[in-house]
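Chain and residue survey
Each chain, letter by letter, is given below.
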Amino acid sequence: MTTRFIILTLAVLAICLTIFGQIVPQKDPNYDENNVPKFDLPDPLTTFSGKKIKKSSEWIEERRPELLTFFSENVYGKVPCKIPIYQWKVVEQSGNALDGKACRKQVDLIFKKDNHTLRFNILMYLPNEAEKAPVFLGYNFYGNHTITNDTNILISDAWTRNDKSLGIDNHRLTEDSRGVRANRWPVEKIIDSGYGLATIFYCEVDPDRDDFSDGIHPFCYIEGQQCPASDEWGSISAWAWGLSRAMDYFEQDNDVDASKVIVFGHSRLGKTALWAGAQDERFSAVISNNSGCGGAALSKRRFGETIARINAAFPHWFCKNFRKYNDNEVALPVDQHELIALIAPRPVYVASAEKDLWADPRGEFLAAYFATPVYELFGKDGIPSQEMPPVNQPIHNTVAYHIRTGEHDVTDFDWEQYIKWADKQLLKK
Ligand code: GCU
């Protein structure tokens, strides 16, 4: 009797908690291809009202705007107000960086509105050889000074995630972490290939924590507002906003070829690069490195990280409306292949790592494949077959893809591919 009562009580409790969306599914993440549910993938070339898109002009005028609005209001959240650069300042500069090969600039972008002020710093290395350089732009995870051992790089005072293995404690950056991420940023190789590199510490735009009182969000609050409304920006959208402001600056910097800015990002910052590239057509190419759930991977596959899991672990990344799709991917009228398609006809590169199952490499590949019909509408080449290429054998078409051996990371192999592909797609080398 007592056992039955306990079981009954637990069952009722579980049902209530599930209904009110209070619990994360208890099952382990699925890593078995046989357990991927059957799903219908929305056709990027059919509008929400059922019209077939046959010409690139129809895509541009009808389908692209409705998809962009959907992602904006239901996935990442819209930016509720305009915040232009108030002022920019070159805070440090040298024409003699990297043994004279490059110019280094550290430029603060400053934003002001009412009683709010925010500044973030762009660290740039530009090849001295070029008059106006094409540039890779990407956020870094732990501060500009972590990307090389160059002692001239200023240390950010923004809030930082702790990581003792990287010498980061008390949420503050110090000398201890200088150069600790140099392995992910082959600055010299980039410069020797004729490209510039620009990077920003993402927590300067919005600290990566579930707190909407800091970073750029408060700039758009109406009186009494404490956090973004359900369709307004989460952190990914805020970080994407920051990349567009960097682009505003590049348009005024004579050393940068603003028509050739390639926006790059790894993992959460790969999700950010895709969303920035989807919205802002000034980015001439986009690279997603191991971006996974909410990035390049198809959500409806429910492989590895799912929408419910990401919203539970990182409640501040997406807009609140995205929670409607927690364990309810069936109801989602879009999927991430359409995010990639929003970049068309500009080149986009999706990269996976073999051991990075959490990010669902196959789901990332399929999203690139299913974005291809939109590229073909523009006469561009995408991913030719539904069969994944073998590891370390990249496809360098306008829609590019590789899966490399190894873990969730950014490696020299990744960068070598990005440079080769950018040479082909942007410089026509
Ligand atoms: C977590 C998160 C991923 C994200 C990754 C990262 O693993 O679940 O979605 O891509 O962090 O940004 O490193």
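Residues numbered from 1 in each chain as written. Predicted model: local features only at pLDDT ≥ 70, side-chain atom pairs only at ≥ 80, totals over all residues. Heavy atoms only, no water.

**Some details on the pattern of salt bridges**
Side-chain pairs of opposite charge can arise where the charged atoms are in close proximity. Inspection of every chain in the model, using the stated rule, returns 29 salt bridges. A salt bridge links Arg 63 to Glu 338; the shortest N-O distance between them is 3.0 Å. With Arg 63 in helix 2 (residues 56-76) and Glu 338 in helix 7 (residues 336-341), the pair connects residues that are 275 residues apart, well separated along the chain. When the shortest N-O distance is used, the salt bridge between Glu 188 and Lys 101 registers 2.9 Å. (Salt bridge = Lys/Arg side-chain N within 4 Å of Asp/Glu carboxyl O. Helix = DSSP H or I, 4+ residues; strand = E, 2+ residues; numbered from the N terminus.)

**Digging into the site of the ligand**
Around the ligand sit Ser 267, Arg 268, Lys 271, Glu 305, Ile 310, Phe 314, Trp 317, Trp 358 and His 408, and that is every residue in its neighbourhood. Within the contact set of the ligand, an oxygen atom lies 2.9 Å away from a side-chain nitrogen or oxygen of Trp 358. Isolated, the ligand exposes 310 Å² of accessible area, and the fraction of that covered by the protein chains is 81%. A breakdown of the residues in the shell around the ligand according to their chemical character gives four nonpolar, two polar and three charged. (Near = heavy atom within 4 Å. Polar contact = N/O pair within 3.5 Å; in protein donor to acceptor, adjacent residues only side chain to side chain. Areas by Shrake-Rupley, 256 points an atom, 1.4 Å probe, with all protein chains shown as cover. Nonpolar A, V, L, I, M, F, W, Y, C, P; charged D, E, K, R; others polar.)

**Overview of the packing of helix 2 against helix 5 (residues 268-279)**
It is the contact of helix 2 with helix 5, at a shortest axis distance of 11 Å, that shows an interaxial angle of 145°. Pair helix 2 / helix 5 crosses with left-handed handedness. Along its contact with helix 2, which presents Arg 64, Leu 68, Phe 71, Ser 72 and Tyr 76, the element helix 5 presents Trp 275, Ala 278 and Gln 279. For the contact of helix 2 with helix 5, the residue count by class is five nonpolar, two polar and one charged. (Axes fitted to C-alpha atoms, helices over the stretch in contact; angles between N-to-C directions. Left-handed = near helix turned anticlockwise from the far one by under 90°. Contact = heavy atoms within 4.5 Å.)

**Observations concerning the confidence of the model for the protein chain**
When pLDDT is averaged along the protein chain, the result is 95; 94% of the residues meet or exceed 70. Here residues 15-26 is modelled with pLDDT under 50, and outside its nearest four sequence neighbours on either side it reaches eight contacts, counting other chains as well. (pLDDT = per-residue confidence, 0-100.)

**Quick look at the packing of helix 4 (residues 235-250) against helix 5**
Remark: helix 4 packs on helix 5, axes separated minimally by 8 Å, with the N-to-C direction vectors making an angle of 60°. With respect to helix 5, the element helix 4 is oriented oblique. The handedness of the crossing between helix 4 and helix 5 comes out as right-handed. Facing Ile 236, Ser 237, Trp 239, Ala 240 and Leu 243 of helix 4, the residues of helix 5 in contact are Leu 269, Lys 271, Thr 272, Ala 273, Trp 275, Ala 276 and Gln 279. (Parallel < 35°, antiparallel > 145°, perpendicular 65-115°, else oblique.)

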